Amino acid sequence: MNINNKTIWITGASSGIGEGLANALAAKGAKLILSARNQEKLSVLKQQLANSEHHKIVPLDLAEPEKLLEDLPKIIEEIGPIDILINNAGLSQRSIARETLLDVYRRVMEVNYFGTIAMTQAILPSMIAAKQGMIVTIASVAGKVGGKGMSGYSASKHAIIGYMDSLRAEEAENGLQVLTICPGFVQTNISVNSITADGSTLGTMSKAIRTGIPVAECANKIIQAIEQDKEEVIIGKGISYWAPTIKRFFPGLLRKLTAKNNYRD
Ligand SMILES: NC(=O)c1ccc[n+]([C@@H]2O[C@H](COP(=O)([O-])OP(=O)(O)OC[C@H]3O[C@@H](n4cnc5c(N)ncnc54)[C@H](OP(=O)(O)O)[C@@H]3O)[C@@H](O)[C@H]2O)c1
C-alpha cells in the first residue's frame, strides 16, 4: 500500500519502534493518529513531525481493552476513514517461568493480546465498509521461537500471530490486508520497561537489545513491507533473524542455542 496521504493509526508511538515509525511515515506524507499512555511524550513527538498540523493524538491504555471497545467507535467516527492500523504498543517480561506470578502473565497478555485485539476489532467495521485497509501488528521473533526468561512475552506474541493468521484468512474476502511483523532485537527501551517475576519494572537494557538493529532500520523495513503488500516479515540480524528458520530445519540445534542463551541480562 502506498503511504502518501494515508491515515495511519500507530499505537505505542511515544517510544522506540512506534516513534521511529511516526517519524518515517510523517516524512512520507502520511496523516498520523498517535496513541500511547504518555500524552506529554506524544505532544512533543507531534510537534517534531513533518506536517505537524496533520497529525492527531489519541491517548489510550491497551491494558483496558473493554474500555477501548466502548470508547473507540465514537473516536473513529470523528477521525473518519483509517487506511492502516499499526498495532505496535507492547509490554515485555523478563523472568524465569517457575518464579513468575500469574498476574504478570495476565498483564502482558492484556496489552499484547487483548488490547491489540480490541484496537483491531474497533477499527475493522470502518475498513470493511470502505472495502480496503491494512491491519499491521508488530509481533516478534519471540512469537515464533520461545527463549529463556520471556515465557509470558513469547506466549503473548505466539497468540497474536495466530490471531493475525486467522484474521488474514477471514478478511481477504473484504479486501483487507493483514501484515505481521516479527522483529528480532531492536535498540529500544523494551527491556528497560519490561516487567519481572513480581511485576516490578526491570529498569535495565539487556545486552541483546543494546546490540540489536537501530530503530530507524527497523521502521524502514516495516514501511517497506507495507508498501510491498507483504503478509509476514522477519526483521533483524544474527540469531534473532535466523531463529525461526533454524527452528524449522534444525530444531535440535535451536533447542541447544535457546537453552544456552539468556536474553534477560
Ligand atoms: N525492541 C525489540 O527488540 C522488539 C523486538 C520484537 C518486537 N518488539 C515489539 O515492538 C513493539 C514496540 O516496542 P519497542 O521495542 O518500541 O518498546 P518501547 O520503547 O518500550 O515502546 C513500547 C510502546 O508501547 C506503549 N505501551 C506500553 N504499554 C502500553 C499500554 N498499556 N497502553 C498503551 N500503550 C502502551 C508505550 O507507550 P506508553 O508507555 O506511553 O504507554 C511505548 O510507546 C512492541 O510490541 C514490542 O513487543 C520489540
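Preceding block: the structure.
Residues numbered from 1 in each chain as written. Predicted model: local features only at pLDDT ≥ 70, side-chain atom pairs only at ≥ 80, totals over all residues. Heavy atoms only, no water.

**Considering the site of the ligand**
Part 1 of the reasoning: The environment of the ligand is formed by 31 residues, the closest being S15, R37, N88, Y153 and T188.
Part 2 of the reasoning: Taking N38, its main chain carries an N or O atom lying 3.0 Å from an oxygen atom of the ligand.
Part 3 of the reasoning: The contact in question runs from an oxygen atom of the ligand to an N or O atom on the side chain of K157, over 3.0 Å.
Part 4 of the reasoning: With the chains in place, 94% of the 880 Å² that the ligand exposes on its own is no longer accessible.
Part 5 of the reasoning: A breakdown of the residues in the shell around the ligand according to their chemical character gives 16 nonpolar, 12 polar and 3 charged. (Near = heavy atom within 4 Å. Polar contact = N/O pair within 3.5 Å; in protein donor to acceptor, adjacent residues only side chain to side chain. Areas by Shrake-Rupley, 256 points an atom, 1.4 Å probe, with all protein chains shown as cover. Nonpolar A, V, L, I, M, F, W, Y, C, P; charged D, E, K, R; others polar.)

**So, the packing of helix α8 (residues 239-249) against helix α9 (residues 251-260)**
Part 1 of the reasoning: Where α8 contacts α9, the axes come no closer than 6 Å and their chain directions differ by 140°. The orientation of α8 with respect to α9, classified from their angle, is oblique. Contact with α8, carried on its side by I239, A243, I246, K247, R248 and F249, involves P251, L253, L254 and L257 of α9 and no other residues of that element.
Part 2 of the reasoning: Here the residues of the contact of α8 with α9 sort into 8 nonpolar, no polar and 2 charged. (Axes fitted to C-alpha atoms, helices over the stretch in contact; angles between N-to-C directions. Helix = DSSP H or I, 4+ residues; strand = E, 2+ residues; numbered from the N terminus. Parallel < 35°, antiparallel > 145°, perpendicular 65-115°, else oblique. Contact = heavy atoms within 4.5 Å.)

**With respect to the pattern of salt bridges**
Side chains bearing opposite charge may pair, as long as their charged atoms lie close to each other.
Part 1 of the reasoning: Under the counting rule described, the total for this entry stands at 6 salt bridges.
Part 2 of the reasoning: Put simply, D71 and K67 hold a salt bridge, and the shortest N to O gap is 2.5 Å. With D71 and K67 both in helix α3 (residues 65-79) and 4 residues apart, the pair spans about one turn of that helix.
Part 3 of the reasoning: The class for D71 is partly exposed, based on a relative accessible area of 29%.
Part 4 of the reasoning: Residues E217 and K221 are paired through a salt bridge, measuring 3.2 Å at the closest nitrogen-oxygen approach. (Salt bridge = Lys/Arg side-chain N within 4 Å of Asp/Glu carboxyl O. Buried < 20%, exposed > 50% of the residue type's maximum accessible area, 1.4 Å probe, protein only.)

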